[in-house]
Amino acid sequence: MNRAAAGGAERRPAIPRTVWALGFVSMFMDISSEMIHALLPLFLTATLGASVAMVGLIEGIGESTAAVVKVFSGYLSDRLGRRKPLILLGYGLGAASKPLFALAGAPGLVLAARFADRIGKGMRGAPRDALVADVTPPEIRGRAYGLRQALDTTGAFVGPLLAIALMALLADDMRAVFWFALIPAGLAVACVLLGVEDRASPQEAAAPRPPVRLADLRQLDRAFWGVVAIGVVFTLARFSEAFLVLRAHDEGLPLALAPVVLVTMNAVYALGAYPAGAWSDHAPPQRLLLAGMGVLIAADLLLALGPGLSGTLLGIALWGVHMALTQGLFAKLVAQNAPAALRGSAFGLFNLATGIAMLAASLVAGLLWEEYGAAATFIAGAALACIAAALVAGLGRAGRTST
């Protein structure tokens, strides 16, 4: 009986069904998005004649748009007390935007498609991340975010693999590959409808709750804003993955194999996300963040100075390690440092700040590439990563990111 009692005390809560469902929803949509994204930089430059600076502009505008929309969707989900309607709307809009990529005859329509797609991402992102925290016990949130991120990122490397196979079958017809991306996008929407349950338990639904007001956001304290500050500097050091595709192509990777870049990065990311999440449940966050920054510095230096295509691919793999160590952790820290009633708003504000940083980082990366070459872009990233590491170390000493 004592052993049974001890076993019961040691048993961790199970990851909720809704978290699994959100993971599979993210996986299907990422398969769709990455089938397009893996080819998009080369589609823009080789097919539509866009400059590398234009690629950076499109990527930066897309990601910053998602970040701005996340503020409103996160706040709205807090105010309504419901997450699922906004999650469904976001995935539906993402699916509806896919045909525009296949129809594009100029960079402007690609920008419009990317804009619509990222609005969908913004609509679903903050409510989805808040819902994970809503339904998951605090002691396993690192694992829950790690699981969702691992499934999401599985889609992010399956998508490019499908793109490679379809490019081979369709004689390098990128537009035809973009049409096939509609299928997993539709599956993602179906999974939201059938598998995701909203946050309210029967007891919570029966109890009236006052709507969240904008003034309530003052409850977000210095600990939360410290997480935001670190996230911004991290994002400045981690510009769009489109530049990884362009770097590998410069080093001799054939057009038909361009998706190998995102396959490599996301396979490493997917394999590392859950172990990193489990580690974050019992280790100080400063330790994971510093490890992530160290790996990113090494990745940037390899991408800038590494020996040919093999060095570039190793740098891309290390980029995936960095993502595994940091991205789920940031989600956990935002949830941990925000009141439960303001989680959606907190995720929205965090993503707004990091989205603006992504716009700036992608624009600067494109301009550096055009003026000084690819090596300068990644050396600048390494320098910013060093600044981020110093900021983490300083805030860690002050105890602002401690659990």
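Caption draft 1: The overall build of the chain, seen in detail. Scanning the chain from terminus to terminus reveals 17 helices and 0 strands. Projected onto its principal axes, the C-alpha coordinates of the chain cover approximately 65 × 50 × 45 Å. In the chain, buried positions account for 56% of the 403 residues. Within the chain, contacts between residues at least 6 apart in sequence are counted, and of these 86% link residues at least 24 apart. Total accessible area on the chain stands at roughly 15,600 Å², and carbon and sulfur atoms take up 67% of it. Of the side-chain charges in the chain, 31 are positive and 25 negative, and the distance between the mean point of each set is 9 Å.

Caption draft 2: Molecular detail of the side chain of aspartate 30. By the element assignment, aspartate 30 lies in helix H2 (residues 17-37). One buried charged residue, aspartate 30, forms no salt bridge at all, with the nearest opposite charge on arginine 124 at 5.8 Å. Leave out the neighbours within four places in its chain, and aspartate 30 touches Asp152, Gly155 and Ala156.

Caption draft 3: Summary view of the confidence of the model for the chain. Looking at the chain as a whole, the pLDDT averages 84, with 90% of positions reaching at least 70. Averaged over each element, pLDDT in the chain is lowest for helix H10 (residues 202-206) (43) and highest for helix H9 (residues 182-195) (94). Note on residues 201-208: pLDDT is under 50 here. Beyond four places in sequence and across chains, it has 2 contacts. Here residues 399-403 scores under 50 on pLDDT; set against residues more than four positions off or in separate chains, the count is 13 contacts.

Calculation criteria
Residues numbered from 1 in each chain as written. Predicted model: local features only at pLDDT ≥ 70, side-chain atom pairs only at ≥ 80, totals over all residues. Heavy atoms only, no water. Helix = DSSP H or I, 4+ residues; strand = E, 2+ residues; numbered from the N terminus. Buried < 20%, exposed > 50% of the residue type's maximum accessible area, 1.4 Å probe, protein only. Contact = heavy atoms within 4.5 Å. Areas by Shrake-Rupley, 256 points an atom, 1.4 Å probe, with all protein chains shown as cover. Lys, Arg positive; Asp, Glu negative; His and termini not counted. Charge placed at Lys NZ, Arg CZ, Asp CG, Glu CD. Salt bridge = Lys/Arg side-chain N within 4 Å of Asp/Glu carboxyl O. pLDDT = per-residue confidence, 0-100.

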